[in-house]
Amino acid sequence: MRFLITVLYLWSVTNGDTDCDAIRSSTLPFLTQRLVGYVLQPSERPFSDSYLLPGWYRMKGFTLSSNASENCGVHLNWYMKDNKLPDVGIKIDAILCINDNSPCAEPYTKLIEIQKCGEHDYIFNLSPTDGSDEGYCIVPSTNETHNVSAPNIDYIAPAIDIRVIRKDEFVRRELEYFCSFDVNQADEKIIYTVTWHLADRSGLQKTLKIGTENKESNKTFEKATKLTEADLIQNGITKMGFSLLCAVQGQQSSIGNFSRTKFSNLKFCGIKVHSVSPLRVKDTDNAFISLELTVPFECPTSSKDCFIEVDVFTPTATIDTCTIATLANLQMNSRPCGVRFNTSEVHKIKNITITNKVGASVSKPEFGIEYDVLMSTHSLRSHDMLSKYWIESVKVHTFVDSTKVGSAHCFAHSDPHMQTFDKKLFENQKPGIYLLYRNTKYKTEVHTMHAPCPNYNERNDSPYCTKAVAVRAGRDVYIIDILEQSSTFKICDDAVLSHKIHKMPGNAYDIYLPTGAIVHIRNTWQTFLEIDIDAGLLDYKETDGLCGKFDGDSTNDAAGVCCKLEQSNSLFDHNFRLKLERWQEELTVCSCDCDPRDDCSLKNYVTCSSDRVKICAHVESKTVYSGMCLTDRRKRDIHVQHEFQPDSNVYALDSLISKGRFRREATVLDLPTARRQCENAMNTTSVQMCSDLPGLNINTYIENCALDAMASNSMEWTQLHIEGIKKACIRIVEFNQPIPAEILANFNTTSNYENNSTNTSDVSFLLSTTPSFLNTSLFTSDLLQRIKEVSCPNDCDNHGQCMNGKCRCDNGYIGDDCSVDSNAAPIIVGIPDRGLCDIKERPCKQTAVIGRNFVESAKLSCRLTPIQVAFENQTIEFPSTVVNASLDTFLQIFCPLPKRQRRSVDSYNSSDVAAHGYRVSVSNNMKNFSNEDTIVIYDSRCTDCEKRNGTIVCTRKPQNCMHDGRCYEQGDIVDGYECVGSSTIQWNEVVTTKDVHPPKTTSSTDQGYSVVTTKDVHPPKTTSSTDQGYSVPSVVTTKDVHPPKTTSSTDQGYSAGVTTEDVRPPKTTSSREQGYTSRTVPSTSFAKPHHKSSAAPLHQGLIILATTFTIQEIMRAHMMGT
């Protein structure tokens, strides 16, 4: 590669006479600075020939210096030992010495070659210097120049001007660079030498081009001195991202002395990074990568507008990214991983916002990571040098200190005992709706509803438990309501909470909020809820409500004297939910973890979400159904579920609210006795393992247990507090887990976070001190595993054994915690939307079922009994089938609805079928089924259906046709019938006017009726159908014919009167050949027919007519045998 570059360079700029044609030479760079006597300006850095490529160099009118005492714009000068120069066409060797006080003898000398090409024209074969502060100085090759004084051009101010040049009429554009300056009229004849340098802040790197011309004609001057993309490519520069500097000198004549050099400012060409590397991002603060487009560009002729798109790549370490913080971009202006510049935004600063996506379990204050953020432009058809070019990378140091969050959590247990984030304890045994938690910045909150606790409904002094909880983020609200027996999204317009509700073992649920907070909800005895909220990093100093301000100061927590809400101002109110603010898009973070060196396409790797903290869901958790959420903020899920409105005829909700399962003590418990019995009950293996852990106050749970025992005069509440201890214990141990050695092995470490890292890898650790968390502590992974192994849900309800954290239930019991009698059937409360499903709104391919005592198992099933509903409100049932169900929450399952089979309805035509549906019951073991509810599936374009006191009532709408419960519009043709009419809409048969032989009718397992032409025939035989369950009399012709014979067909399903010609059913929406214009609808209820006869084709003049019969006339004709 170095050889190739050398060859290209040596072939770049050649000015040789005939004698030097065989030798390719380049112009020696930095000629101005090389002149003996040149004095560096204060801000100017010396040139260096240590990067000079070996080869022949020309400097017409100049030769190398031969005086050891002479210097130029370099610290140390290599000069010729003898002032010998060859004659024209002669090549000689010359010895060079360096003026650093070394002797002019080996090994302190260089050997070079010199050849004369013409008058005052020499070429020198030079090599790079050994030191970076060394170079070759030059002097004029004739003393004539000393007789011509140098002009004074100190007043000029050169500036680099960049312009877009059209290389063709349509697409291709290039940039040209001009060294622009104004001169006095008297100085227009001065010969100006413009030298283009590749440079950076450290100094000049390379001379790209030298041009010479006077300023009498500005156009001629620019043409002679401009720098083009061809010049850049010739010097190996093919993409943007370089800096230019132009230097101007003046001469009175071509052999006159040069003026002092005037330099332009350094000009960066491309997209400039203004941010100082490394950036530092602490916690969830933001940092900005500021970009500036410094060159103009132009769109292709065919484009009205175009952009330069900049992609940002934030590499992700190949480690446990759930644990470790990674970089993310805040989504701004609809660009999730980058920015864009349009043609008018040259020199405009654009910011890319970088933040941390915090790992869920990083709690070490000295822990940080370093990333290299890479940036690249998209393809740009009009400008090759701006297309797919790599912008300067930026190092980003992340630093997360989540110790201020610690294991902070707020809770509302049993009736309810409360604790704020800052660990202030209080009681809130009051009725009503309360603001439990709110983060106003991130529009997240939790409301709770208190109602009488179980076993207290009939007491005047009843304490109150949490009966419902509503969790909100943006315009997403998820509610679990024991009173209404529902658990569903009430609104989900932002999809922030979509797939963030996870079912845990033992009727527990975790809801992950964008702030990093986790709402833990546990259903206790299916009669009330217990709530725990783990604080997130973004909650610090941002919260209010019963959980407090979370600022480390418990004295400012309101603790029970605040936060009661009116129903109309709570998340439980429909109108209030409709007024909620949307999630702010600028709070959305995007992961752009594609490594461009792997030739990946960033668009396939961009993932955006509202989560600033990573979700590290429990391995055994399952996402709760989120069908109501908007999948792309525009289109609802096809299985959208609406509000649950229970049917009072199915099951009384009051009967589901337990009156208590408590065994009361024979004597009244006092506080010491209750405390002692709670301590004895809590003497379990799991509680003992947790009792000595720092940060866990067992006495709080014992005290709350004793208060509940006194209030209920029962020890049944004890198990709830044991569960609370286990949950808190596991949470503390998980939070304080050491970072595993296998994760640390994936990183390099840097000694000090605050200092700039010299590490060149994409990702590395930054540790400010020796990491104390690597030492063995109480919070070992072994301890965590042992606690989990003995922490089964509800201690298996005394109906099973705890084996490795899971219950192995005794015979006769099932469920995560063995609390359900395996022979007990679930209880259905109802089906959403009062059991009505409109196919205009959704496909009705599944239905939710609300109830209780559902158990997740392979035998959880739904029994479906198909029904058909006629307009006369007659309902006909068909044989049942059993399908597997899926558990969504402890209150809801989903039953898939099979593809409907058309079935027999004696004495009814298909147009009299108003709706269909299923009677639904549920079983945990496929043996014992629950009570039933009904889902009615109808088409609201033609029918209105409702349930009245257990009866399904459907009413026909005008201006539409119906067939088999589906709606059709005027002009629709289905299997030979057209929907026609004005005031009265009905089906007309499409028939011919030619004499035909009576057709043979078909027998079909799909259709179940036959149709013939209007000629006189004997009464037709009806068809047989095992699927339709109804028959339609044949419509016959006016001529006498023999009765048609029937044929058997699983494809036809009906027979139509046809001619002896080969007639096929109409296929197109408009047909001039057939003599009518209509719209044909694919048959969704009928099998596709095909007709065979020997008649001529339709296009030979066959005229199609329509004969109209009402359904009632057809029925009467059939009943009378005519």
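Cut-offs used in this document
- As a convention, each chain's residues are numbered from 1 in the sequence order in which they are written.
- Totals for whole chains, interfaces and linings use every residue, but because this is a predicted model, local features are given only for residues with pLDDT of at least 70 and side-chain atom pairs only at 80 or more, for both listing and counting.
- Only hydrogens and water are removed before side-chain values are computed, so all heavy atoms of the structure are retained for them.
- Any two cysteine sulfur atoms within 2.5 Å of one another count as a disulfide.
- Working definition: helices are DSSP H or I runs of at least four residues, strands are E runs of at least two. Numbering for both runs from the N terminus.
- To sort residues, take the accessible area from a 1.4 Å probe on protein chains only and compare it with the maximum for the residue type: under 20% means buried, over 50% means exposed, and anything in between is partly exposed.
- Strands are treated as partners if at least two bridges between them are detected by DSSP.
- Only the stretch in contact is used when fitting a helix axis, every axis being a line fitted to C-alpha atoms; angles between N-to-C directions are given from 0 to 180 degrees.
- This arc corresponds to the set of directions leading from the helix axis out to the C-beta atoms.
- An expected span of 1.5 Å times one less than the residue number is assigned to each helix.
- Two residues form a contact once any of their heavy atoms are found within 4.5 Å.
- Any pair of nitrogen or oxygen atoms within 3.5 Å is treated as a polar contact; in protein, a donor-acceptor pairing is required on top of that, and neighbouring residues in sequence qualify only through side-chain atoms on both sides.
- Two rings from Phe, Tyr or Trp (for Trp, the six-membered ring) form a pair when their centres sit within 6.5 Å of each other. Planes less than 30 degrees apart are called stacked, planes more than 60 degrees apart edge-to-face, and all others tilted.
- Think of pLDDT as the predictor's per-residue confidence, scored from 0 to 100.
- Residue types Ala, Val, Leu, Ile, Met, Phe, Trp, Tyr and Cys, when buried and joined through side-chain atoms within 4.5 Å, form a set referred to as a nonpolar core.
- Small angles under 35 degrees read as roughly parallel and large ones over 145 as roughly antiparallel, with 65 to 115 read as roughly perpendicular and the rest as oblique.
- By definition, any crossing whose near helix is turned counterclockwise from its far helix by less than a right angle is left-handed, and any crossing with a clockwise turn is right-handed.
- Within this document, salt bridges are pairs made up of a side-chain nitrogen of Lys or Arg and a carboxyl oxygen of Asp or Glu, the two lying within 4 Å of each other.

Moving on, we come to the state of the cysteines. Per the counting criterion, the structure on display carries 17 disulfides. Paired by a disulfide, Cys410 and Cys547 hold their sulfur atoms 2.1 Å apart. Between Cys410 and Cys547, the disulfide has an S-S torsion of -75° and is therefore left-handed. Placement of the pair is Cys410 in strand β26 (residues 409-413) and Cys547 in the loop between β38 (543-544) and β39 (564-565), with a sequence separation of 137 residues. Covalent S-S linkage joins Cys690 and Cys729, the inter-sulfur distance amounting to 2.0 Å. Residues Cys690 and Cys729 share a disulfide whose torsion about the S-S bond is about -85°; that sign makes it left-handed. With Cys690 in helix α7 (residues 685-690) and Cys729 in helix α9 (residues 718-735), the pair connects residues that are 39 residues apart, well separated along the chain. Here Cys690 falls in the buried class, since its relative accessible area comes to 0%. Residue Cys729 is classed as buried on the basis of its relative accessible area of 0%.

The sheet built from 4 strands is open, its strands ordered β49-β51-β56-β55 with antiparallel pairing. In this open sheet, the two strands that pair with only one neighbour each are β49 (827-830) and β55 (886-889). Across the sheet, the mean angle from the axis of one strand to that of its neighbour is 45°, orientation sign disregarded. One ladder, built from 3 bridges, connects β49 with strand β51 (residues 846-852); its direction is antiparallel.

Our focus in this paragraph is helix α3 (residues 218-225). Looking at α3, one finds that the buried residues are Phe221, Glu222 and Thr225. Along the long axis of α3, the arc covered by the buried residues comes to 95°, so they all point the same way. Exposed side of α3, more than 90 degrees from the buried face: Lys219 and Lys223 are the residues found there.

Right, let's talk about helix α8 (residues 698-712) for a bit. Here α8 is 15 residues long and its end C-alpha atoms lie 21 Å apart, about the 21 Å a rise of 1.5 Å per residue gives. Buried residues of α8: Ile698, Thr700, Tyr701, Ile702, Asn704, Cys705, Ala706, Asp708, Ala709 and Ser712, and no others. Buried residues along α8 sit in contact with β26, β27 (417-419), β28 (425-427), α6 (671-681) and α9. The backbone nitrogen of Asn699 has a side-chain oxygen 3.1 Å away, supplied by the residue at the start of α8, namely Asn697.

Taken as a whole and judged by the stated rule, the model has 13 aromatic pairs. Ring geometry for Phe421 against Tyr437: centres 6.2 Å apart, planes inclined by 90°, an arrangement best described as edge-to-face. With Phe421 in the loop between β27 and β28 and Tyr437 in strand β29 (residues 432-439), this residue pair connects regions lying 16 residues apart in the sequence. Classification of Tyr437 by relative accessible area gives buried; the value is 0%. Their ring planes at 50° and their centres at 5.2 Å tell us that Phe421 and Phe550 sit as a pair that is tilted.

With that settled, consider the confidence of the model for the protein chain. With 72% of its residues at a pLDDT of 70 or more, the protein chain shows a mean pLDDT of 76. Taken together, the stretch residues 630-642 has pLDDT below 50 and engages in 30 contacts with residues farther than four places along the chain or on a different chain. Below a pLDDT of 50 lies the segment residues 652-664, which in the model reaches 39 contacts outside its immediate sequence neighbourhood of four places, other chains included.

Take the nonpolar core next. The biggest cluster of nonpolar side chains holds 56 residues, and the ones touching the most others in it are Tyr177, Trp196, Phe242, Ile289, Leu291 and Met375. Here Phe242 is in contact with Tyr177, Leu198, Leu232, Ile237, Lys267, Phe268, Cys269 and Met385, once residues within four sequence places are set aside.

Across the sheet, 7 strands lie side by side as β1-β2-β7-β6-β5-β4-β8; this open sheet has mixed pairing. Across the chains shown, the open sheet's two edge strands, defined by having one partner strand only, are β1 (25-27) and β8 (134-136). In this sheet, neighbouring strand axes are inclined to one another by 35° on average, regardless of whether the strands run parallel or antiparallel. As judged from the 3 bridges shared by β1 and strand β2 (residues 55-58), these two strands associate in the parallel manner. Paired with Ser26 across the strands is Tyr57, a residue of β2.

As a further point, take the environment of Val869. Of note, Val869 is situated in strand β52 (residues 861-870). On the basis of relative accessible area, Val869 is assigned to the buried category, the value being 1%. Sequence separation between Val869 and Gly965 is 96 residues, and the spatial gap between their C-alpha atoms is 8.6 Å.

Quick look at the pairing of strand β18 (residues 279-282) now. Burial of β18 is one-sided: the residues Leu279 and Val281 facing one way are buried, the residues Arg280 and Lys282 facing the other way are not. In this sheet, strand β25 (residues 390-399) lies alongside β18 in parallel orientation, the contact comprising 4 bridges. The residue bridging Leu279 from the neighbouring strand is Val396, located in β25.

A word on the side chain of Thr543. Tracing the sequence through the fold places Thr543 in strand β38. Look at Thr543 and you get buried, because its relative accessible area is 6%. A distance of 2.8 Å separates a polar atom in the side chain of Thr543 from the backbone oxygen of Gly548. Of the polar contacts made by the side chain of Thr543, one reaches the backbone oxygen of Lys549; its length is 3.3 Å. Contacts of Thr543, omitting those with residues within four sequence positions, involve Phe421, Tyr437, Arg438, Gly548, Lys549 and Phe550.

As a further point, take the packing of α6 against α8. Packing of α6 against α8 leaves a shortest axis separation of 8 Å and a crossing angle of 120°. Comparing their axes, α8 and α6 come out oblique. In terms of crossing hand, the pair formed by α6 and α8 is right-handed. Residue-level contacts link Leu671, Ala674, Arg675, Cys678 and Glu679 of α6 to Ile702, Glu703, Cys705, Ala706, Ala709 and Met710 of α8.

Along a regular strand, successive side chains alternate from one face of the sheet to the other. In terms of burial, strand β58 (residues 933-938) is largely enclosed, as 6 of its 6 residues are buried. Burial along β58 is two-sided: the residues Asp933, Ile935 and Ile937 and Thr934, Val936 and Tyr938 are all buried. Relative to β58, strand β50 (residues 836-838) runs parallel, the two being bridged by 3 bridges. Bridge assignment links Cys837 to a residue of β58, and that residue is Ile937.

In total, this model carries 33 salt bridges according to the counting rule given. Here Arg34 ties to Asp49 by a salt bridge, and the two come within 2.7 Å at their closest N and O atoms. Residue Arg34 is found in helix α2 (residues 31-34), and its partner Asp49 is found in the loop between α2 and β2; the two are separated by 15 residues along the sequence. Among the residues examined, Arg34 registers a relative accessible area of 0% and is labelled buried. Given the relative accessible area of 1%, Asp49 is considered buried. Asp544 is the partner of Arg438 in a salt bridge, and the nearest nitrogen-oxygen pair spans 2.8 Å. Here Arg438 is found in strand β29, whereas its partner Asp544 is found in strand β38, with 106 residues between them in sequence. What makes Asp544 partly exposed here is its relative accessible area of 22%.

Let's shift gears to unusual backbone geometry. When glycine is set aside, most residues are seen to have a negative phi, and most peptide bonds are trans. Residue Pro107 is reached from Glu106 by a cis peptide bond, and omega for that bond is 5°. Within the secondary structure, Pro107 is located in the loop between β5 (91-98) and β6 (109-118). Despite not being glycine, Ala495 shows a phi value in the positive range, around 60°. Structurally, Ala495 is set in the loop between β33 (486-492) and β34 (501-504). When its relative accessible area of 21% is taken as the criterion, Ala495 is described as partly exposed. The backbone of Cys844 shows a phi angle near 60°, a positive value even though the residue is not glycine. Residue position: Cys844 is located in the loop between β50 and β51.

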